[in-house]
Amino acid sequence: MRIHAVIATTGRPEIVRRVVSRLGEQSRPPDGVLVVGASPDDIVGIDGACANLEALVARRGLCRQRNAALDHLGDRTDVVAFFDDDFVPAHDFLAQLEALLTGQPDVVGATGILVADGAQGQPIGFDDAVSRLDGSGDRPPPGQRDCPSLYGCNMAIRLSAAAGLRFDEKLPLYGWQEDVDFTHQLSWRGRLVKTSELTGIHMGARSGKTSGKRLGYSQIANIIYLWRKGTMCPWLGERLLFQNVVSNVVRSLWPEPDIDRRGRLVGNLLALRDLVTGRIDPERIEAL
C-alpha cells in the first residue's frame, strides 16, 4: 500500500518545516510527502526536512491547493493522508492507518481521535505537542465508530474510492467545511471511521488564518451552500450555524486576544443580510 501525506499551507513556513520533519520520523515512513503552498514563501526552508519530499505552488485556497495535490499525485499512490499544516501526528499514525485500511477493506476514509485540539481552545506549541505524544504516551481511550464525515485536520482517503471526487473550489480561501462536503460524498462509496488508533495533536496555530470578517461570512454562507448542495446533514448545519453566531455575539463583548470575534460577527451579519436579499454566495469573501 502506497501512502502519501499532503499538507496545504499558507503563511506558516517554520511550522510546516517542523511538521514535515515529524512526518519523516514515522515508524512507517510515508511513500511521499507533498507540500502545496500558495506562494513560494510558503515552502521556503523545507528542503531536506524529510525523504521523498515534493513541493509545489498552487492558487491560494485550501480546496484549490488540495485539488492540486490530487492532480499532481495522480495514480502514483493508493492512500492520501491530508494533514493541516499545524497537525502533529503520533509517531505510529501511518502504520496504524495502513493496518486499518488493510484489515477493513470496506473503509474508504478515516480520521483520528485527537489527544488535544488547540483550534477549540488555546493554541498548543509544537514542542509541547511532541512531548505529550512521545514523552507521556498520552493517547485517547480505545475506540472506533462509523461517522458521516471526516475532520480535515487529519483525514485519510482511499483513492480507489475517491475517483472523480474533488474539493469544491466554490469554498474559497480557508474553505470552511470543505472536509464535510468532500467526505460526505465519499461516504456514499464506503465506510468512514473515526478511531483512536489514529491520533495526534492539532496545534490550532492562529497565524496564516483567514480574516475574522471573511471567516464569519463563511460560517453562514458555506453552511447554506452545502445545505442546498445536499452534502451537509441538516442537524449538523443547524448546530454549527447556531453555535457560531451565538459564540461570536457573546464573545465579542470580551473577545479572546488572538481571535477576531467582532470581525467574525460582522461577517455573520453580512452573510445573514445576503441570505435575506438572495445574494448569499461563499465566493463573496474574496471581495471582502
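Everything numeric here is computed off the predicted structure, so don't read it as measured data.

Let us now look at the overall build of the protein. Within the protein one finds eight helices and 11 strands. In summary, the protein has a C-alpha radius of gyration of 18 Å against a globular reference of 19 Å for 288 residues, a match within 12%. The C-alpha extent of the protein, read off along each of the three principal axes, is 50 × 40 × 40 Å. Put simply, the protein has 288 residues, and 55% of those count as buried. Contacts in the protein between residues at least 24 apart in sequence constitute 80% of all its contacts with a sequence separation of at least 6. For the protein, the exposed surface amounts to about 12,300 Å²; the carbon and sulfur share of it is 54%. Where the 34 positive side-chain charges of the protein centre and where its 36 negative ones centre are 6 Å apart.

As a further point, take the sheet that holds strand 5 (residues 87-89). With respect to topology, three strands assemble into an open sheet ordered 5-11-7, the strand pairing being mixed. In this open sheet, the two edge strands, each paired with only one partner strand, are strand 5 and strand 7 (116-117). Here strand 5 runs beside strand 11 (residues 200-202); their pairing, made up of three bridges, is antiparallel. Within strand 11, the residue paired with Val88 across the bridge is Ile201. The sheet contacts of helix 4 (residues 126-135) involve strand 5, strand 7 and strand 11, and relative to strand 5 the element is tilted by about 25°.

Looking now at the environment of Asp117. Mapped onto the elements of the fold, Asp117 is located in strand 7. On the accessibility criterion, Asp117 (18% relative accessible area) is buried. Along the primary structure Asp117 and Leu97 are separated by 20 residues, whereas in three dimensions their C-alpha atoms are 20 Å apart. Ignoring sequence-local partners within four residues, the contact set of Asp117 consists of Ile124, Tyr151 and His202. A polar contact is formed between the side chain of Asp117 and the backbone nitrogen of Ala119, at a distance of 3.0 Å. At a separation of 2.8 Å, a polar atom in the side chain of Asp117 contacts the side chain of Tyr151.

It is worth spelling out a nonpolar patch on the surface at this point. Residues Phe242, Val246, Val249 and Val250 make up a contiguous nonpolar surface patch of about 350 Å² in total accessible area. Mapped onto the elements, Val250 comes out in helix 7 (residues 234-251).

Right, let's get into the packing of aromatic side chains. Within this structure, the stated rule accounts for five aromatic pairs. With centroids separated by 5.1 Å and ring planes inclined at 80°, the aromatic side chains of Phe83 and Phe93 adopt a geometry described as edge-to-face. Here Phe83 is found in strand 4 (residues 79-84), whereas its partner Phe93 is found in helix 3 (residues 93-103), with 10 residues between them in sequence. Each of the two residues, Phe83 as well as Phe93, counts as buried. Through successive ring pairs, a cluster of aromatic residues spans Phe82, Phe167 and Phe182.

With respect to the helices and strands, the residue Asp106 is situated in the loop between helix 3 and strand 6 (107-112). Sequence separation between Asp106 and Ala161 is 55 residues, and the spatial gap between their C-alpha atoms is 9.7 Å. Beyond its immediate stretch of four places on either side in the chain, Asp106 contacts Gly190 and Arg191.

On to helix 7. For helix 7, with 18 residues, the first-to-last C-alpha span of 25 Å sits near the 26 Å given by 1.5 Å per residue. All of the buried residues in helix 7 are Leu236, Gly237, Leu240, Leu241, Asn244, Val245 and Asn248. Down the axis of helix 7, the sector holding all buried residues measures 145°, keeping them to one side. Opposite the buried face of helix 7, at more than 90 degrees from it, the exposed residues are Pro234, Trp235 and Phe242. Looking at the packing, one finds that the buried side of helix 7 touches helix 5 (178-186), helix 6 (212-229) and helix 8 (261-277).

Rules used throughout
- In every chain, residue numbers begin from 1 and rise along the written sequence.
- Only residues with pLDDT of 70 or above have their local features reported here, since the model is predicted, and side-chain atom pairs are shown and tallied only from 80 upward, although totals for entire chains, interfaces and linings are computed over all residues.
- Excluding hydrogens and water, the side-chain values take into account all heavy atoms of the structure.
- Helix and strand definitions follow DSSP, with helices as H or I runs of at least four residues and strands as E runs of at least two, each counted in order from the N terminus.
- Radius of gyration means the value over C-alpha atoms here, while the globule rule gives 2.2 Å times the residue count to the 0.38 power.
- In this scheme, a residue with accessible area under 20% of its type's maximum is buried, one over 50% is exposed, and one in between is partly exposed, where area comes from a 1.4 Å probe on protein chains only.
- Here, residues are in contact when the closest pair of their heavy atoms is within 4.5 Å.
- Only the protein chains shown count as cover for residues, and all accessible areas are computed by the Shrake-Rupley method using a 1.4 Å probe.
- All tallies of charge rest on Lys and Arg as positive and Asp and Glu as negative; His and the ends of each chain are not included.
- A single reference atom marks each charge: NZ on Lys, CZ on Arg, CG on Asp, CD on Glu.
- Paired strands, in this sense, are two strands between which DSSP finds at least two bridges.
- Whenever a helix is involved, its axis is fitted only over the stretch in contact; in every case the axis is a line through C-alpha atoms, and angles between N-to-C directions fall within 0 to 180 degrees.
- Distance and chemistry together define a polar contact, namely a pair of N or O atoms within 3.5 Å, with one atom able to donate a hydrogen and the other to accept it when in protein, and with adjacent residues in sequence counting only for side-chain atoms on both sides.
- For patch detection, residues must exceed 30% relative accessible area and be free of salt bridges, and they are connected within 9 Å for like charges or within 5 Å for nonpolar side chains (Val, Leu, Ile, Met, Phe, Trp, Tyr).
- Any Lys or Arg side-chain nitrogen found within 4 Å of a carboxyl oxygen on Asp or Glu counts as a salt bridge.
- Here is the rule: rings of Phe, Tyr and Trp (six-membered ring for Trp) pair when centre to centre is within 6.5 Å. Planes less than 30 degrees apart are stacked, more than 60 are edge-to-face, and the remainder are tilted.
- Working rule for helices: expected span equals 1.5 Å times residues minus one.
- The arc in question is the one traced by the directions running from the helix axis out to the C-beta atoms.

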